[in-house]
Amino acid sequence: MMKIVYQGVAGAYSHIAAQNIYPGQTYLPCETFEQAMDMVQKNLADLAVIPVENSNAGRVADVHFLLPETGLFINGEYFLRVEHQLLGLPGSRLEEIISASSHPQALAQCSAFLKQRKISAVARIDTAKSCQDILNFRDKSKAAIASKLAAEIYGLEILKSNIENDCRNTTRFLLMSRDDQTPPDDGSRFITSCIFRVKSIPAALYKALGGFATNGINLTKLESYQVDGRFVSARFYMEIESHPDRPSFQNAFDELRFFADELHILGTYAASPFREK
């Protein structure tokens, strides 16, 4: 039986994703992403299920800083349709609610509903953790935004279902382990994730990415973020559609290495069928 670690407590969306991907395993909660990845790194868990971005609220920023530091590999991706529920104490009514607590990502994904109902948003470390707060407060004017599973686990009532801004609201998760599990190239669609920092010279990024254009490789994601508290040179997180065994991949990365000060290839994995939807 595999030990799968996730950030949050029972009922969190990461918990749901872990159950969907690997049913019937042992699921271990952690307070932070760093702790979850550290457990895998120390061989206390086999796999970490980590959210990286949401279709409505954007990327989960903390994860990008941790990826190159953990030594873990990305070996898969999973897309979860996220349905948010407004949860209250048994007997409470929607009209009574004046505040709702949840993870900042969930609050952002439900901002239109909260604004319409004039409900104050209260940021917490986790969606399901907010349910524990509601039980502790015993205040019928306070609610949590979390999953149906969390409502069942903590005995809360669903005051309003599916309050997310977009009915297509989806979170993407990465599956991370200690070992590189790059599958053989069978000609199908693969995603390769990497992080790099270019040299501080004119047009360095343009030249570093030129090899992907000339070799016909599609970039599906390119995001920048500052590191070390300085505003000198940005680090880039990139995802491409290719496999390391392909000559076009090797040629493109040879060119990238020439213009990069550092490069971490985080993993190659099969593209999720969800990408075709």
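Computed from a predicted structure; not experimentally measured.

Another aspect to go through is the state of the cysteines. If you walk through the whole model with that rule in mind, you get zero disulfides. For the unlinked cysteine Cys-131, the closest cysteine sulfur is that of Cys-110, found at 13 Å. Summary of cysteine pairing: Cys-167 is not part of a disulfide, and the nearest cysteine sulfur, belonging to Cys-110, is at 13 Å.

Compared with an ideal rise of 1.5 Å per residue, which puts 13 residues at 18 Å, helix α9 (residues 247–259) spans 19 Å between its outermost C-alpha atoms and is within 8% of the ideal. Residues of α9 that are buried include every one of Phe-249, Ala-252, Phe-253, Leu-256 and Phe-259, and no others. Taken down its axis, α9 places every buried residue within 115° of arc, on the same side. What points out from α9, more than 90 degrees from its buried face, is the exposed set Pro-247 and Phe-258. The inward-facing, buried residues of α9 abut β12 (190–198), α8 (204–214), β14 (235–241) and β15 (260–270).

Moving on, we get to the packing of aromatic side chains. For the structure on display, the rule yields five aromatic pairs. Between Phe-196 and Phe-236, the aromatic rings sit 5.4 Å apart at their centres with planes inclined by 20°, giving stacked as the arrangement. In this pair, Phe-196 sits in strand β12 while Phe-236 sits in strand β14, placing the two residues 40 residues apart along the sequence. By relative accessible area, Phe-196 is classed as buried at 0%. Seen from their ring centres, Phe-258 and Phe-259 are 5.0 Å apart, and the 80° between their planes marks the pair as edge-to-face. Here Phe-258 falls in the exposed class, since its relative accessible area comes to 57%. Clustering of aromatic rings is evident, with ring pairs tying together Phe-212, Phe-249 and Phe-253. Its guanidinium or amino end placed over the ring of Phe-137, Lys-142 lies 5.5 Å from that ring's centre, counting from NZ or CZ. Positioned above the aromatic ring of Phe-258 is the side chain of Lys-199, whose terminal nitrogen or guanidinium carbon lies 5.5 Å from the ring centre.

This structure, assessed with the given rule, holds two cavities of 30 Å³ or more. Of the volumes computed, that of the largest cavity is approximately 250 Å³. If you go around the largest cavity, you meet 19 residues; those closest to its centre are Tyr-13, Pro-51, His-103, Gln-105 and Thr-127. Residue composition of the lining of the largest cavity, by class: eight nonpolar, nine polar and two charged. One number sums up the size of the second largest cavity: a volume of about 40 Å³. Taken together, Val-52, Glu-53, Arg-59, His-64, Arg-172, Lys-221, Glu-223 and Tyr-237 form the lining of the second largest cavity. Of the residues that constitute the lining of the second largest cavity, the class distribution is two nonpolar, one polar and five charged.

Taking strand neighbours across the sheet as the criterion, the four strands line up as β13-β14-β12-β15 in an open arrangement whose pairing is antiparallel. Unpaired on one side and paired on the other, β13 (218–225) and β15 mark the two borders of the sheet. Looking at each pair of strands side by side, their axes are set apart by 15° on average, direction ignored. Of the strand pairs in this sheet, β13 and β14 are connected by seven bridges, and their pairing is antiparallel. Its bridge partner being in β14, Leu-222 is matched across the sheet by Met-238. Strand contacts of α8: β12, β13 and β14, with the helix running at about 155° to β12, the strand carrying the most contacts. Sheet strands in contact with α9 are β12, β14 and β15, and its direction is about 150° off that of β15.

Moving on, we get to the sheet that holds strand β8 (residues 120–123). If you walk across this open sheet you meet the five strands as β8-β7-β9-β6-β10, and the pairing is mixed. Pairing within the sheet leaves two strands with one partner each, and these edge strands are β8 and β10 (157–160). Between one strand and the next, the sheet's axes are offset by a mean angle of 40°, whatever the strand orientation. In the packing of helix α6 (residues 127–137) onto the sheet, the strands contacted are β6 (85–88), β7 (99–102) and β9 (142–146), and the crossing angle to β9 comes to about 160°.

Moving on, we come to the pattern of salt bridges. In the structure shown here, the tally under the stated rule is 20 salt bridges. A salt bridge links Glu-262 to Arg-197; the shortest N-O distance between them is 2.8 Å. Linking Glu-262 in strand β15 with Arg-197 in strand β12, this pair joins segments that are 65 residues apart in sequence. Overlapping salt bridges bring together Glu-53, Arg-59, Glu-77, Arg-172, Lys-221, Glu-223, Glu-239 and Arg-275 as one network.

So, how was this worked out
Residues numbered from 1 in each chain as written. Predicted model: local features only at pLDDT ≥ 70, side-chain atom pairs only at ≥ 80, totals over all residues. Heavy atoms only, no water. Disulfide = S-S within 2.5 Å. Helix = DSSP H or I, 4+ residues; strand = E, 2+ residues; numbered from the N terminus. Expected span 1.5 Å × (residues − 1). Buried < 20%, exposed > 50% of the residue type's maximum accessible area, 1.4 Å probe, protein only. Arc of directions from axis to C-beta. Contact = heavy atoms within 4.5 Å. Phe/Tyr/Trp six-rings, centres within 6.5 Å; stacked < 30°, edge-to-face > 60°. Lys NZ or Arg CZ within 6 Å of the ring centre and 35° of its normal. 1 Å grid on protein atoms, 1.4 Å probe; cavity = no way out; pocket = protein on both sides within 12 Å on 5 of 7 lines; lining within 4 Å. Points joined across faces, edges and corners; volume = space filled by probe spheres on them. Nonpolar A, V, L, I, M, F, W, Y, C, P; charged D, E, K, R; others polar. Pairing = 2+ DSSP bridges. Axes fitted to C-alpha atoms, helices over the stretch in contact; angles between N-to-C directions. Salt bridge = Lys/Arg side-chain N within 4 Å of Asp/Glu carboxyl O.

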